[in-house]
Amino acid sequence: MISLRRDSLPSKLLRDLGRVLRGEPRMRTGAFVLLVGLATAFAMLVAPAATVEYDVGAVSERSVRAPRSVAFISESLTEAERERSAGAVSSVYTRESAVAVAETGKLAATITSITAARADETLSRDERIVRVLRFTETAIPEPIAIDIVDMPPGDWDATAREMERALQNIYAQSLREEQVQQAIDEMLKAWPASWTDQQRRVASALVPQHVNANEVPDPATTLAAQDAARSAVQPIQVRVIAGEIVVREGSVVTEQDVEKLQALNLADPSVDVALILGHVMWALLIAGVLALFIERFAEEAWADDRRLVLIGLSVLVLVAVGRAVAPGTLTLYFAPFAAVAMMLTVLVGGRTALATQIAGALHV
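Residues numbered from 1 in each chain as written. Predicted model: local features only at pLDDT ≥ 70, side-chain atom pairs only at ≥ 80, totals over all residues. Heavy atoms only, no water.

Draft legend 1. Local environment of the overall build of the protein. Of regular secondary structure, the protein possesses 16 helices and 6 strands. Residues classed as buried in the protein amount to 35% of the 364 residues present. Accessible area for the protein stands at about 21,600 Å²; split by element, carbon and sulfur atoms hold 59% of it. (Helix = DSSP H or I, 4+ residues; strand = E, 2+ residues; numbered from the N terminus. Buried < 20%, exposed > 50% of the residue type's maximum accessible area, 1.4 Å probe, protein only. Areas by Shrake-Rupley, 256 points an atom, 1.4 Å probe, with all protein chains shown as cover.)

Draft legend 2. Representation of the packing of helix 14 (residues 305–325) against helix 16 (residues 350–363) in the model. In contact at an axis separation of 9 Å, helix 14 and helix 16 are set at 30° when each is read in the N-to-C sense. What the angle tells us is that helix 14 and helix 16 run roughly parallel. Of the two possible hands of crossing, helix 14 and helix 16 adopt the one that is right-handed. Here Ile 311, Ser 314, Val 315, Leu 318 and Val 319 of helix 14 lie close against helix 16, whose contacting residues are Thr 352, Thr 356, Gln 357, Gly 360 and His 363. Along the lines of polarity and charge, the residues of the contact of helix 14 with helix 16 split into 4 nonpolar, 6 polar and no charged. (Axes fitted to C-alpha atoms, helices over the stretch in contact; angles between N-to-C directions. Parallel < 35°, antiparallel > 145°, perpendicular 65-115°, else oblique. Left-handed = near helix turned anticlockwise from the far one by under 90°. Contact = heavy atoms within 4.5 Å. Nonpolar A, V, L, I, M, F, W, Y, C, P; charged D, E, K, R; others polar.)

Draft legend 3. Structural context of the side chain of Glu 215. Here Glu 215 lies in strand 4 (residues 215–217). Contacts of Glu 215, omitting those with residues within four sequence positions, involve Tyr 93, Thr 94, Arg 95, Ser 174, Leu 175 and Arg 176.

Draft legend 4. Fine view of the pattern of salt bridges. Throughout the structure, instances matching the rule amount to 14 salt bridges. A salt bridge links Asp 126 to Arg 125; the nearest nitrogen and oxygen atoms lie 3.7 Å apart. Here Glu 162 and Arg 165 are joined by a salt bridge, their closest N and O atoms 2.2 Å apart. Linking Glu 162 with Arg 165, this pair stays in helix 7 (residues 153–171), spanning 3 residues, or about one helical turn. Using a relative accessible area of 13% as the deciding quantity, one classes Glu 162 as buried. Here the salt bridges share partners, and the residues they tie into one network are Glu 83, Asp 227 and Arg 230. (Salt bridge = Lys/Arg side-chain N within 4 Å of Asp/Glu carboxyl O.)

Draft legend 5. The arrangement of the nonpolar core in detail. Within the largest apolar cluster, 35 residues are counted, with the highest numbers of intra-cluster contacts made by Val 132, Ile 140, Ile 148, Trp 156, Met 163 and Leu 206. Only helix 4 (97–119), helix 5 (125–133), helix 6 (142–150), helix 7, helix 8 (180–189) and helix 9 (197–206) provide two or more residues apiece to this core. Top contributing element to this core by residue count: helix 7, with 7 residues. Once residues lying within four places of it in the same chain are set aside, the contact partners of Val 132 are Ala 117, Ile 140, Ala 145, Ile 148 and Val 149. The next biggest cluster of nonpolar side chains, apart from the first, holds 26 residues, and it includes Phe 32, Ala 287, Ile 294 and Ala 355. (Core = buried A, V, L, I, M, F, W, Y, C linked by side-chain atoms within 4.5 Å.)

Draft legend 6. Summary view of the packing of helix 3 (residues 75–87) against helix 11 (residues 255–263). Where helix 3 contacts helix 11, the axes come no closer than 8 Å and their chain directions differ by 140°. The angle between helix 3 and helix 11 places the two elements in the oblique class. For the pair helix 3 and helix 11, the contacting residues are Glu 75, Ser 76 and Leu 77 in the first and Glu 255, Gln 256 and Glu 259 in the second. Residue composition of the contact of helix 3 with helix 11, by class: 1 nonpolar, 2 polar and 3 charged.

Draft legend 7. Summary view of the packing of aromatic side chains. Considering all chains together, one arrives at 3 aromatic pairs under this definition. Between the aromatic rings of Phe 32 and Trp 302, the centroid separation amounts to 5.9 Å while the plane-to-plane angle is 65°, which identifies the pairing as edge-to-face. Here the residue Phe 32 occupies a position in helix 2 (residues 25–45), and Trp 302 occupies one in helix 13 (residues 299–303), the gap between them amounting to 270 residues. We classify Phe 32 as buried; its relative accessible area is 7%. Here Trp 302 falls in the buried class, since its relative accessible area comes to 8%. When the ring of Phe 293 is compared with that of Phe 297, the centres are 5.1 Å apart and the planes differ by 40°; the resulting orientation is tilted. Here Phe 293 and its partner Phe 297 are both found in helix 12 (residues 273–297), 4 residues apart, which amounts to about one turn of the helix. Owing to a relative accessible area of 43%, Phe 297 belongs among the partly exposed residues under this scheme. Cation over ring: Arg 176 sits above Tyr 93, and NZ or CZ is 3.8 Å from the ring centre. (Phe/Tyr/Trp six-rings, centres within 6.5 Å; stacked < 30°, edge-to-face > 60°. Lys NZ or Arg CZ within 6 Å of the ring centre and 35° of its normal.)

Pasting the structure below:
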C-alpha cells in the first residue's frame, strides 16, 4: 500500500520564498532590511513602562525622574507671562472736550433762565418759584428754588459768576470717573468765605449736577497696548537636568509638569505620524547598513538563513531591552550588549558581532 504525502500550502510557499531569496541577492537584502528594520522600529515606538498618563490636576502615583537633560519652550509659562504683562498695562484714557462744552452750556442756560425768571415783574413770587422748578437743564428741588427766588440781586449775580467759574476750573483738568466725587468735594469747600448760607445751598445744589468725567477709557487703544505688551514677551525656555525629579509622588500635577514629561517623552504619547516615519526611516537605514556590511564582509553568515535570523533577533533584543530601560539612568546598563556580543562571536563571527553591537548601540 503506497501512501502519498503532500506538503501543506504554507510550507511549500515558505520553501519557494526561501529559494527565491537565496537566488536573488537584491531580494534577500531587501527582505532582511524590511523585516529587521520594521521589527526594530516597532520596538522603538512601543511606549516603555516608565511612561505615565498624568493630566493636569491629577495626583501622581509615583515619582518620575528625568532620564536626560532637555531644554524646551514652555508654552504655559510663556502664556502666563504674556497675560501678566498685558494685565500690567494701564488703561489708556482719551479726553472728551464735548463733555465740558455740554455741561458748562447746561449750567449757563440754567443761570440765564433763572435770571430771566427773577427779573420778570409780571410774575408773583410763587409763580417765579414754579417757573424755576420747571427748568429741565438742571434739577432744582423746591427749597433751593425758594432760595433762588428770595436771594437778593447782588447775591444772585455773585453766585452765578462763581458757579460758572468753578465749573470751568474743574473742566480745565482731566477728570476720570473715580475722581469726580473728589473734585466735587474740593469745590464745595472752596466757596467764598463771604457767602451766605443761602448762596452756599444754591451753588452746592446746582453745580455738582454738571460735573462729569471728561476723560474716559479708550478700549481700542488699550487693547493695542496690551497686544504690544504680549508680543514683547520672549518665549520662556525651561531646562530639565538629568536625574531631576519631574513629578513627586503624591503631588498634584501642574501644567508645567506635563510639559516636562512631554519634552522628555515620558508622557504617554499620542499618535505622531512624523515621529513614526522618522523611527521607521532610521531603523531601515541601520538595517540597510548592517545588511551591506554582512553581505560584503561576512559572506558565510549572509548565506546562512539561520545565522541571519539570529543576527536580526539579536538586534531586536538589544533595541527592545534598551527601549524598556531607556527612561532610567543606571538601568540602561542592564541591556545585554556583552551577552549578545559573545554569543554572536561564537556562533556567527567577530566582525558580524561587532557590526550588530554597533547597530544596537545606535538604536539605544
